[in-house]
Amino acid sequence: MKKAIKIVLLPSLISSFAFAIEIKNLSVAVDVAGKQRMFTQRMLKDYAMVGLENNFGNPGEDLKKIMGSFDNHLASLRKFNTDPATEESLAKVRVLWDPIQLALNEPPSKDKAGKMQEDLEALLKQSNEAVGLFAKQTGKASGEIINISGRQRMLSQRMASLYMLKVWGIDDPQFKTKMTKAMDLYRTSLEKLKKSEMSTPEITILLNKSGKAFRFFEVMNKSSSKFIPTLIYKKSNEMLKDMNTATGLYAAQEK
């Protein structure tokens, strides 16, 4: 078992992230690596909310916390990992993350929002590769279930961030394609999780709750009306909370 790892963060991000998390086994590593995917989209959502000058949920403070968590988790994952291919993938995450971290410390602007979206998209893809490699290391079907459940957290934030950028007035020609793919993946993944033997009654309740919140995005996607950012922020966080708990319960089944 690995001992807790102490990480030195940037001065502005120390606050509540003075100590790194403890990764006890590969299942926990899949869970933690999966959160990194979610963080990329949550940071984009917060970035847009700050740009919109909407203080619901204190997105500015949340952005700082998530930046600290991303850096913290990345260091913990690299400390825990012993697989060369996974280390190579995590090293690429670091290369992408460093300039993004600097850019996120600057005030959000519409002129830079498109570049921020592209950079976080690249970070998402590389982080997703790392999760897959950790899941492969488990050598078990359970690793893939934890991976899928963790991906639902990311998708909840991805759908929200796409709408936030749209409300902000950021032109994204691929908006409809990205949104449709995210929603389809969330829907099919939810059904797969419900059928999994790992889905206990407690987990099933959480899956059903996230499904109810997901219907909001389904309705919104079919409507031509504009939805207020606060409602998008609230619903996406409800889905995130339920799927984060479910993912933790899946990971806890592996001793």
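Just above sits the structure.
Note that this is a predicted model, so its numbers are computed, not measured.

**Q** Explain the environment of Arg 37 here, please?
**A** Along the chain, the position of Arg 37 falls in helix H1 (residues 26-51). Since its relative accessible area comes to 0%, Arg 37 is described here as buried. Taking the C-alpha atoms as reference, Arg 37 lies 16 Å from Asp 98; in sequence the two are 61 residues apart. Residues contacting Arg 37, with those up to four places away along its chain left out, are Leu 124, Ser 127, Asn 128, Val 131, Asn 147, Gly 150, Arg 151 and Met 154.

**Q** Whenever I open this one, empty space enclosed by the protein confuses me. Can you help?
**A** Unoccupied space between atoms shows up once a probe the size of one water molecule is rolled over them. Counted according to the given criterion, the structure contains one cavity of 30 Å³ or more. What the largest cavity holds in volume is close to 40 Å³. For the largest cavity, the full set of lining residues is Ala 33, Gln 36, Leu 74, Leu 77, Leu 90, Val 93, Ser 127 and Ala 130. For the lining of the largest cavity, the secondary-structure elements that each account for two or more residues are H1, helix H2 (59-80), helix H3 (84-104) and helix H4 (110-138). By residue class, the composition of the lining of the largest cavity is six nonpolar, two polar and no charged.

**Q** Hey, could you run me through unusual backbone geometry in this one?
**A** Note: most peptide bonds trans; most residues except glycine with negative phi. Notably, Glu 53 is not glycine yet its phi reads approximately 60 degrees, a positive angle. Relative to the assigned elements, Glu 53 resides in the loop between H1 and H2. Taking the relative accessible area as the measure of exposure, Glu 53 reaches 71% and is therefore exposed.

**Q** It is not clear to me how the environment of Gly 68 should be interpreted in this structure. Could you clarify?
**A** By the secondary structure assignment, Gly 68 is in helix H2. Here the alpha-carbon distance between Gly 68 and Lys 222, two residues 154 residues apart in the chain, equals 36 Å.

**Q** What is the right way to look at the packing of aromatic side chains in this model?
**A** Scanning the model with the defined rule gives six aromatic pairs in all. Between the aromatic rings of Phe 56 and Tyr 233, the centroid separation amounts to 6.0 Å while the plane-to-plane angle is 90 degrees, which identifies the pairing as edge-to-face. Of this pair, Phe 56 sits in the loop between H1 and H2 while Tyr 233 sits in helix H8 (residues 229-252), and the two are 177 residues apart along the sequence. A relative accessible area of 38% places Phe 56 in the partly exposed class.

**Q** Can you walk me through the packing of H3 against H4 in this structure?
**A** Packed helices, taken two at a time, are described by the angle their axes make and the gap between the axes. Orientation of H3 relative to H4, taken along the N-to-C sense of each, is 155 degrees, at an axis distance of 9 Å. The orientation of H3 with respect to H4, classified from their angle, is roughly antiparallel. Judged by the sense of rotation from one axis to the other, the crossing of H3 with H4 is left-handed. Where H3 abuts H4, its residues Ala 85, Thr 86, Ser 89, Leu 90, Lys 92, Val 93, Leu 96, Trp 97, Ile 100, Ala 103 and Leu 104 lie against Met 116, Asp 119, Leu 120, Ala 122, Leu 123, Gln 126, Ser 127, Glu 129, Ala 130, Leu 133, Phe 134 and Gln 137.

**Q** For this particular structure, what's the right way to read the environment of Glu 254?
**A** Counting through the fold element by element, Glu 254 comes out in the segment after H8. Through-space distance from the C-alpha of Glu 254 to that of Asp 171 is 44 Å; in sequence the pair is 83 residues apart. The contact partners of Glu 254, leaving out residues within four places of it in the chain, are Asn 25, Ser 27, Lys 140 and Ser 142.

**Q** Even after reading the chapter, I still don't get H3, so can you show me in this structure?
**A** Since the α-helix packs 3.6 residues into each turn, any two residues three or four apart lie on the same face. Under the 1.5 Å per step criterion, the end-to-end length of H3 is 30 Å for 21 residues, consistent within 8% with the ideal 30 Å. Along its length, H3 reaches its greatest deviation from straightness, about 30 degrees, at Trp 97, and the proline Pro 99 lies no more than four positions downstream. Every buried residue of H3 is listed here: Thr 86, Ser 89, Leu 90, Val 93, Trp 97, Ile 100, Gln 101 and Leu 104. Where H3 is buried, its residues contact H1, H2 and H4.

**Q** What should I look at first to understand the packing of H2 against H3 in this one?
**A** Two numbers describe how H2 lies on H3: the axes approach to 11 Å, and their chain directions differ by 160 degrees. Relative to H3, H2 is oriented roughly antiparallel. Remark: the crossing between H2 and H3 carries left-handed chirality. For the pair formed by H2 and H3, the contact residues are Leu 63, Met 67, Phe 70, Asp 71, Leu 74, Leu 77 and Arg 78 on the first element and Glu 87, Leu 90, Ala 91, Val 93, Arg 94, Trp 97, Gln 101 and Leu 104 on the second. Among the residues making up the contact of H2 with H3, the classes are represented as 10 nonpolar, one polar and four charged.

Rules behind the numbers
- For every chain, the first residue of its written sequence is number 1, and the numbers climb from 1 along that sequence.
- Local features in this predicted model are restricted to residues of pLDDT 70 or higher, and side-chain atom pairs are both shown and tallied only at a pLDDT of 80 or more, whereas totals for entire chains, interfaces and linings draw on every residue.
- Hydrogens are left out, water is left out, and the side-chain values use all remaining heavy atoms of the structure.
- Helical segments are the DSSP runs of H or I of at least four residues, strand segments are the runs of E of at least two, and each set is numbered from the N terminus.
- Relative accessible area decides the class of each residue, using a 1.4 Å probe on protein chains only: under 20% of the type maximum gives buried, over 50% gives exposed, and in between gives partly exposed.
- By definition in these notes, contact holds between two residues if any of their heavy atoms fall within 4.5 Å.
- A cavity here means a set of points on a 1 Å grid, drawn over the protein atoms and nothing else, where a 1.4 Å probe fits but cannot get out; a pocket is an open set with protein on both sides within 12 Å along at least five of seven lines, and a residue lines either one if it has an atom within 4 Å of a point.
- Grid points are joined across faces, edges and corners, and a volume is the space filled by probe spheres set on the points.
- By the convention adopted, Pro, Cys, Tyr, Trp, Phe, Met, Ile, Leu, Val and Ala count as nonpolar, Lys, Arg, Asp and Glu as charged, and the other residues, Gly among them, as polar.
- Ring pairs shown here join Phe, Tyr and Trp side chains whose ring centres sit within 6.5 Å, with only the six-membered ring taken for Trp; geometry is labelled stacked below 30 degrees between planes, edge-to-face above 60, and tilted in between.
- Comment: axis = line fitted to C-alpha atoms, over the contacting stretch for helices; angle = value between 0 and 180 degrees taken between N-to-C directions.
- Throughout this description, any angle smaller than 35 degrees is read as roughly parallel, any larger than 145 degrees as roughly antiparallel, any in the 65 to 115 degree range as roughly perpendicular, and the remainder as oblique.
- Left-handed is the label given to a crossing in which the near helix is rotated counterclockwise from the far helix by less than a right angle, and right-handed is the label when the rotation is clockwise.
- The span you would expect from a helix comes to 1.5 Å times its residue count less one.
- Bend, at a single residue, is the angle you get between axes fitted to the 7 residues ending at that residue and the 7 residues starting at it.

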